[in-house]
Amino acid sequence: MQPAKPFFYFNGFNSAIPADFSGNPKITAVADYAQSRGFEFAPFSVCYRRAAEQASRVLERVGPTVNDVIICGSSMGGWFARIVQLMLARKRPAIRTAAIGFNPAYDLSMHAYLLLGPQQNYVTQERYVWTSVHSAGLRALENSIDYGSSLPFFVYIDKGDEVIDWERSAAKHSRLSHLVVFEGGCHSFDHYREALQDFDAMYVQPAQPVE
């Protein structure tokens, strides 16, 4: 019996993945897609104040016989997906991995200071203060890997993103990923179905055995 192939999904900054995500069409679409392709959907709520610890916990969930992993996230979750992919590849060089980012954050080693100050998680309603220590943690995590690695990275951007400048993001990611840019949309990312179709055509289907 083949080991389960995990398909991780990570939330963005000041967000979380509820136990019942049936009311979230984006997460539901990712879960349905993962299961349709024989993967085990593995949503993981990330607290970015403990990003390094959380990344290690994700790696622990990849069993020793697993040889195929897909790692996906939105906004900061897309950045985190790439980080975890590269950490996993360093630990298990033979494993097949792909990272997917929907409107991903990037260059947090330079931009994490923008998060300083009072914050509130809009899913859990938790209030807290983001400090320079938290920013340093993101910086150290990003600097611990080669973000520009040639490992498969699929980036999907909505031009209507009101948080991350799409042109700068496209310029950054065009050099290190398979990049698709959609008209309209928003930071939450509206084109997840189209993105998953593209990912399927570019990465999953070519790997399917020919009968």
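Now for a quick tour of the structure. This structure is a prediction, so every number in the text was calculated from the model and none was measured. (Residues numbered from 1 in each chain as written. Predicted model: local features only at pLDDT ≥ 70, side-chain atom pairs only at ≥ 80, totals over all residues. Heavy atoms only, no water.)

## Let's talk about the overall build of the protein chain
Now for step 1: Helix and strand counts for the protein chain come out as seven helices and eight strands.
Now for step 2: Along the first, second and third principal axes, the C-alpha atoms of the protein chain reach 55 × 40 × 35 Å.
Now for step 3: Residues counted as buried form 53% of the 211 residues belonging to the protein chain.
Now for step 4: A separation threshold of at least 6 residues defines the contact pool for the protein chain, and within that pool the share at least 24 residues apart is 75%.
Now for step 5: Averaging the locations of the 19 positively and 21 negatively charged side chains of the protein chain gives two centres separated by 7 Å. (Helix = DSSP H or I, 4+ residues; strand = E, 2+ residues; numbered from the N terminus. Buried < 20%, exposed > 50% of the residue type's maximum accessible area, 1.4 Å probe, protein only. Contact = heavy atoms within 4.5 Å. Lys, Arg positive; Asp, Glu negative; His and termini not counted. Charge placed at Lys NZ, Arg CZ, Asp CG, Glu CD.)

## As for the nonpolar core
Now for step 1: Grouped together as the largest cluster of nonpolar side chains are 43 residues, with contacts concentrated most on F10, M76, W79, F80 and L138.
Now for step 2: Going through the elements one at a time, strand 1 (5-10), strand 2 (39-44), helix 2 (51-60), strand 3 (68-74), helix 3 (76-91), strand 6 (127-130), helix 5 (132-143) and strand 7 (153-158) are the ones with two or more residues in this core.
Now for step 3: Take this core: its biggest share by element is nine residues, from helix 3.
Now for step 4: With sequence-adjacent residues up to four places away left out, L138 is seen in contact with Y48, A51, M76, W79, L108, A112, L115 and W130.
Now for step 5: Residues Y33, Y156, A195 and L196 belong to the second largest nonpolar core, which totals 28 residues. (Core = buried A, V, L, I, M, F, W, Y, C linked by side-chain atoms within 4.5 Å.)

## A look at unusual backbone geometry
Now for step 1: Its identity as a non-glycine residue notwithstanding, N14 has a phi of 55°, on the positive side.
Now for step 2: Among the secondary structure elements, N14 is positioned in the loop between strand 1 and helix 1 (25-36).
Now for step 3: Positive phi, normally seen in glycine, also occurs at S75, with a value near 60°.
Now for step 4: Within the secondary structure, S75 is located in the loop between strand 3 and helix 3.
Now for step 5: Look at S75 and you get buried, because its relative accessible area is 13%.

## Topic: the packing of helix 3 against helix 5
How two helices sit against one another is set out by the angle between their axes and by the gap between those axes.
Now for step 1: Following both chains from N to C, one finds helix 3 and helix 5 inclined at 45°, their axes separated by 10 Å at the closest point. Taken together, the axes of helix 3 and helix 5 are oblique relative to one another. Note that helix 3 runs across helix 5; the crossing there is left-handed. Contact residues: helix 3 offers M76, W79, F80, I83 and M87, while helix 5 offers L138, L141 and E142.
Now for step 2: Here the residues of the contact of helix 3 with helix 5 sort into seven nonpolar, no polar and one charged. (Axes fitted to C-alpha atoms, helices over the stretch in contact; angles between N-to-C directions. Parallel < 35°, antiparallel > 145°, perpendicular 65-115°, else oblique. Left-handed = near helix turned anticlockwise from the far one by under 90°. Nonpolar A, V, L, I, M, F, W, Y, C, P; charged D, E, K, R; others polar.)

## With respect to the sheet that holds strand 7
Strand pairing in a sheet relies on backbone hydrogen bonds, with the paired strands running either antiparallel or parallel.
Now for step 1: Read from one edge to the other, the open sheet built from six strands follows the order 2-1-3-4-7-8, with strand pairing classed as parallel. Strands with a single pairing partner mark the edges of an open sheet, and in this sheet they are strand 2 and strand 8 (178-182). With strand direction ignored, the average angle separating the axes of adjacent strands in the sheet is 15°.
Now for step 2: In terms of strand pairing, strand 1 meets strand 3 through four bridges, oriented parallel. Bridge pairing in strand 3 links F7 to I70.
Now for step 3: Against the sheet, helix 1 engages strand 1, strand 2, strand 3 and strand 4 (96-102), with an angle of about 150° to strand 2. (Pairing = 2+ DSSP bridges.)

## Considerations on the packing of helix 1 against helix 7 (residues 192-204)
Now for step 1: Their axes nearest at 10 Å, the elements helix 1 and helix 7 cross at an angle of 25°. Between helix 1 and helix 7, the angle falls in the class roughly parallel. Note on packing geometry: the crossing formed by helix 1 with helix 7 is right-handed. In this structure, helix 1 uses P25, K26, A29, V30 and Y33 to contact helix 7, whose residues at the interface are Y192, L196, F199, D200 and V204.
Now for step 2: For the contact of helix 1 with helix 7, the class distribution of residues is eight nonpolar, no polar and two charged.

## Section: the pattern of salt bridges
Now for step 1: The final tally for this structure, using the stated rule, is six salt bridges.
Now for step 2: Close ionic contact of R37 with D200 constitutes a salt bridge, the shortest N to O distance being 2.7 Å. Taken as a pair, R37 in the loop between helix 1 and strand 2 and D200 in helix 7 lie far apart in primary sequence, 163 residues in all.
Now for step 3: Residue class for D200 comes out buried when judged on its relative accessible area of 6%.
Now for step 4: A salt bridge links R96 to D68; its shortest N-O distance comes to 3.7 Å. You can see R96 sitting in strand 4 and its partner D68 sitting in strand 3, a full 28 residues away along the chain. (Salt bridge = Lys/Arg side-chain N within 4 Å of Asp/Glu carboxyl O.)

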